[in-house]
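Structural overview
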Amino acid sequence: MDNTNEYLLKFKGYNFEKTIVKIEHLETMEDFEIRDDDVFIITYPKSGTIWTQHILSLIYFDGHRNSTENIDTMDRAPFFEYNIHNIDFVKMPSPRIFTSHLPYYLVPNGLKKKKTKILYIYRNPKDVLISFFHFSNWLVTLEATDTIEHYLEKFLDGKVVGSCWFDHIRGWYEHRHDFNIMFLSYEDMKKDLRSSVLKICSFMEKELSENDVDTVVRQATFQNMKSDPRANYNNVIKNEIGTRHSGSFLRKGTIGDWKHHLTVEQNERFDKIFKRNMDKIPLKFVWDINEE
Ligand code: A3P
């Protein structure tokens, strides 16, 4: 069955958010000219994208870190495929930070020169599922679903923005040697934000003073981002996109929220599918805040 509907636009086998994507842009994306010092944040939706956008903006831009400038995170590290503010990417000064949910086979070909750094952030997919369920019911531009059971079916069938979670992460992991890519998990960031920031700095070859690292970590905590209008997307969502009810982009920000939502049967079903799809992918997944 074709999964294109009023919310999804399928392009080259991958589902985009229909109301905010421009087909002309999708058609030219692969030829977009990449600079060696560009940085790409790649995620499947609801895996910590905004968090990583904020962390990288804080690492890269003094003015962001010292609050001497007032640019929203989403304009600092704009979405590559959803350019909702019509930023002229060609005129953006280097270093440019782009954010994307694209699968490995749709990104600009220039990324295969292996110079440009890609940071792939992944999150345990049960928490992604629950976060996405709530988010889709909140945003008017995404299809609402009545029950977790129905959403689980859609998610596992890839009938959501971002298509199938398993295809996304497996595609990127299996093609990792074609790119200059580092994988880092949401749960690593959650459990030890400071060492995650240091890992990111090291991959980006950015040396920050101890003080600056402290500032990045402080400003990137869930509570601080939730109350920072530059960082939490609330303005854009409320003023430009629209929601069905009250809520916040930064919803819970925890590990293991799935335990409050999935039944034992749903969880076992998920585990089986996870095992079948991820058997050969040695990335570490953390499902519970108390796991070592
Ligand atoms: P929840 O819905 O589970 O709360 P994305 O930016 O990819 O859409 O991901 C959004 C998820 O990341 C939301 O998860 C959000 O709360 C969480 N998040 C955003 N900033 C965070 C932070 N500083 N610390 C922990 N989680 C954060």
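Residues numbered from 1 in each chain as written. Predicted model: local features only at pLDDT ≥ 70, side-chain atom pairs only at ≥ 80, totals over all residues. Heavy atoms only, no water.

A few words on the overall build of the protein. Helix and strand counts for the protein stand at 13 helices and 6 strands. Computed over its C-alpha atoms, the radius of gyration of the protein comes to 18 Å, within 12% of the 19 Å expected for a compact globule of 292 residues. Reported as C-alpha extents along the three principal axes, the dimensions of the protein are approximately 50 × 45 × 40 Å. Per-residue burial for the protein yields a buried fraction of 56% across its 292 residues. (Helix = DSSP H or I, 4+ residues; strand = E, 2+ residues; numbered from the N terminus. Rg over C-alpha atoms; globule rule 2.2 N^0.38 Å. Buried < 20%, exposed > 50% of the residue type's maximum accessible area, 1.4 Å probe, protein only.)

Moving on, we come to the site of the ligand. For the ligand, the set of nearby residues contains 19 residues, the closest of which are T49, S131, Y186, K252 and G253. Residue G48 places a main-chain N or O atom 3.1 Å away from an oxygen atom belonging to the ligand. Between the ligand and A220 there is a distance of 3.1 Å, counted from a nitrogen atom to a backbone nitrogen or oxygen. Here the ligand loses 98% of its free accessible area of 570 Å² to cover by the protein chains. Placement of the ligand is best described as lying within the largest pocket. With 3 residues, helix α2 (residues 49-60) is the single largest residue contributor to the shell around the ligand. Class assignment for the residues of the shell around the ligand results in 8 nonpolar, 6 polar and 5 charged. (Near = heavy atom within 4 Å. Polar contact = N/O pair within 3.5 Å; in protein donor to acceptor, adjacent residues only side chain to side chain. Areas by Shrake-Rupley, 256 points an atom, 1.4 Å probe, with all protein chains shown as cover. 1 Å grid on protein atoms, 1.4 Å probe; cavity = no way out; pocket = protein on both sides within 12 Å on 5 of 7 lines; lining within 4 Å. Sits in = over half its atoms within 2 Å of the grid points. Nonpolar A, V, L, I, M, F, W, Y, C, P; charged D, E, K, R; others polar.)

Attention now moves to the UniProt feature "domain: Sulfotransferase" (unreviewed entry) in the protein. Per the UniProt record, "domain: Sulfotransferase" (unreviewed entry) is annotated on residues 36-281. For residues 36-281, the end-to-end C-alpha separation is 28 Å, with 45% helix and 9% strand making up the annotated structure. (UniProt positions renumbered as here; feature names shortened; annotations may be inferred.)

This part covers helix α6 (residues 148-157). By the burial criterion, the buried members of α6 are I148, Y151, L152, K154 and F155. Down the axis of α6, the smallest arc covering the buried residues is 165°, so these residues share one side. Elements that come into contact with the buried residues of α6 comprise α5 (125-138), α7 (165-174) and α13 (264-278). Where α6 terminates, the next one or two residues include G158, which has phi positive at roughly 70°. (Arc of directions from axis to C-beta. Contact = heavy atoms within 4.5 Å.)

All right, on to the pairing of strand β5 (residues 117-122) then. In terms of burial, β5 is a largely internal element, 6 of the 6 residues being buried. With burial as the criterion, each face of β5 is covered, one bearing K117, L119 and I121 and the other bearing I118, Y120 and Y122. As judged from the 6 bridges shared by β5 and strand β6 (residues 180-185), these two strands associate in the parallel manner. In the strand pairing of β6, Y120 is matched with F183. (Pairing = 2+ DSSP bridges.)

One recurring pattern in soluble globular proteins: nonpolar side chains tend to sit buried together. Within the largest apolar cluster, 96 residues are counted, with the highest numbers of intra-cluster contacts made by F16, I55, L56 and W165. Non-local contacts of I55, meaning those with residues more than four positions away in its chain, are made with M189, L193, V197, I200, V216 and A220. (Core = buried A, V, L, I, M, F, W, Y, C linked by side-chain atoms within 4.5 Å.)

Once that is clear, we can look at the pattern of salt bridges. Under the definition given, this model contains 20 salt bridges. As a salt-bridge pair, E30 and K12 come within 3.0 Å of each other at their nearest N and O atoms. Here K12 lies in the loop between β1 (8-11) and β2 (14-17) and E30 lies in the loop between α1 (23-28) and β3 (39-43), a separation of 18 residues in the sequence. A relative accessible area of 21% means that E30 is categorised as partly exposed. The salt bridge involving R251 is made with D257; its shortest N-O contact spans 3.0 Å. When salt bridges with common partners are traced through the structure, they connect D62, R65 and D212 into a single cluster. (Salt bridge = Lys/Arg side-chain N within 4 Å of Asp/Glu carboxyl O.)

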